[in-house]
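Per-entry structural report
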Amino acid sequence: MTYTLVLLRHGESEWNAKNLFTGWVDVPLNDKGRAEGVRAGELLRDAGVLPDVVHTSLLRRAINTAATALDGADRHWIPVRRSWRLNERHYGALQGKNKKETLDAYGEEQFMLWRRSFDVPPPPLDDDSEFSQAGLPQYADLGADLPRTECLKDVIVRFLPYWESAIVPDLQAGQTVLVAAHGNSLRALVKHLDGISDEDIAGLNIPTGMPLVYELDESLQPTVKGGRYLDPEAAAAAAAAVANQGR
Ligand SMILES: O=C(O)[C@H](O)COP(=O)(O)O
C-alpha cells in the first residue's frame, strides 16, 4: 500500500516575471503562469494521476493554478481545503524588492543567506508598508502571530502541523492528494519528506507549474527520494532558472 502525493508550485506570477521578492503579497498569475497551470493539468491527466482532494495556500497564484490544472484533468469538482500554513515564506522587508537589485546592493553572501539559508530571516516588514498583510481579513485569525518575516525553519514550524492534521489523514484515507503551494513552502515539505539536511536544502529549487509526484509508504517515507517530476527535463531546466534568479 502506498499513498500518492502531488506537489505543485503555482505557475509564473507577474512578480516572478519582474524578478521581485513576493512572499505573502497576493499577486496574480501572468499568461505564462496560466499556461503552466493548463500544462500541469494535461500532465496529470496523461499520467493518470488524478487528485481526490486539493490543499492550497490562501494566495491566488496557488489557488488559480490548482483550479486551472484540475480543470484540465477533469478533476475540477474535488474537495478543496485552504490554509495560510501553505503560504509562501513571508519575505519580510524584501517583499516588493527586485532580486537583482538586492543582490547588487547587499552582495552574494547576504543575498543567499536571506534567500536560501535555513534560519536567517530577512528584516521584518513594517505593518504600514504597502506590501504588508496586517489587517487583511484572510489572516484575521492569526492575530499577533501574523508573520512579519520568516526563514525556512519558521515555515517548517507552521507548515508541519497542517501536514500532520490535514494532509496526512487524507493520504491515510487512500486519497490522492494535490498540494498547490509555493517555492519555499514546498521546499519545507520536501525537506521533511526526504530528510534533507539544513545545509543541503539550500541547493533545492522548485520550478513553477511542474507536478512532482511522491509515492509514500505506510510510514510516509518516499519510495523514491525526491519523487518524480511528470516532465523531468522541463522541471530540471526550470529549477535551474529559479536557482539563477537575481543573476
Ligand atoms: O516569494 C518569492 O519571491 C518566490 O515565490 C520565491 O522566491 P525565491 O525562489 O527567491 O525564494
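Details of the structure are given in the entry above.
Now for a look at the structure at hand.

Quick notes on the rules
- Residue positions are given per chain, counting from 1 as you read along its sequence in written order.
- Only residues with pLDDT of at least 70 get local features here, since the model is predicted, and only at 80 or more are side-chain atom pairs given and counted; chain-wide, interface and lining totals rely on the full set of residues.
- In computing side-chain properties, one takes all heavy atoms of the structure into account and sets aside hydrogens as well as water.
- We call a residue near a given molecule or strand whenever any one of its heavy atoms falls within 4 Å of it.
- We define a polar contact as two N or O atoms separated by no more than 3.5 Å, with the added condition that, inside protein, one atom must be a possible hydrogen donor and the other a possible acceptor, whereas residues neighbouring each other in sequence contribute only through side-chain atom pairs.
- All accessibility values rest on the Shrake-Rupley procedure with a 1.4 Å probe; residue burial counts only the protein chains present in the view.
- Whether a set of points on the 1 Å grid over the protein atoms alone is a cavity depends on a 1.4 Å probe fitting there but being unable to get out, while an open set qualifies as a pocket with protein on both sides within 12 Å along at least five of seven lines; lining residues are those with an atom within 4 Å of a point.
- In this description, a molecule resides in a pocket or cavity if more than half of its atoms sit within 2 Å of the grid points defining it.
- Put simply, Ala, Val, Leu, Ile, Met, Phe, Trp, Tyr, Cys and Pro go in the nonpolar bin, Asp, Glu, Lys and Arg in the charged bin, and everything else, Gly too, in the polar bin.
- By nonpolar core is meant a set of buried Ala, Val, Leu, Ile, Met, Phe, Trp, Tyr and Cys residues that side-chain atoms within 4.5 Å join together.
- To sort residues, take the accessible area from a 1.4 Å probe on protein chains only and compare it with the maximum for the residue type: under 20% means buried, over 50% means exposed, and anything in between is partly exposed.
- Secondary structure elements follow DSSP: runs of H or I no shorter than four residues count as helices, runs of E no shorter than two count as strands, and numbering proceeds from the N terminus.
- For this analysis, residues touch if any pair of their heavy atoms sits within 4.5 Å.
- Here a strand pair is declared whenever DSSP counts at least two bridges between the two strands.
- Viewed with both strands pointing away, a crossover whose connecting path from the first strand over the helix to the second turns clockwise is right-handed.

1. Considering the site of the ligand
Lining the immediate environment of the ligand, one finds 13 residues, of which Gly23, Glu88, Tyr91, Arg115 and Arg116 sit closest. For the ligand, an oxygen atom lies 2.8 Å from a polar atom in the side chain of Glu88. Surface burial for the ligand is 99%, taken as the share of its 320 Å² of free accessible area covered by protein chains. Structurally, the ligand is housed in the largest cavity. Residue composition of the shell around the ligand, grouped by class: four nonpolar, four polar and five charged.

2. Looking at the nonpolar core
Counting 31 residues, the largest nonpolar core has Leu5, Leu7, Trp163, Leu171, Val179 and Leu216 as its most contacted members. Looking at this core, the elements with two or more residues in it are strand 1 (3-9), helix 6 (152-172), strand 4 (177-181), helix 7 (183-194) and strand 5 (212-216). For Leu7, the contacting residues outside a window of four places in its chain are Val179, Leu186, Leu189, Val190, Met210, Pro211, Leu212 and Tyr214. Val6, Leu44, Leu70 and Val213 belong to the second-largest nonpolar core, a separate cluster that totals 16 residues.

3. So, the pairing of strand 2 (residues 53-56)
Judged by which residues are buried, strand 2 turns out to be covered on both faces: Val53 and His55 on one side and Val54 and Thr56 on the other are all buried. Across four bridges, the pairing between strand 2 and strand 4 is parallel. Along strand 4, the bridge assignment pairs Thr56 with Ala180. The sheet contact formed by strand 2 and strand 3 (residues 80-82) spans three bridges and is parallel. Directly across from Val54, in strand 3, lies its bridge partner Val80. In this region the chain leaves strand 2, passes through helix 3 (residues 60-72) and returns to the parallel neighbour strand 3; the handedness of that crossover is right-handed.

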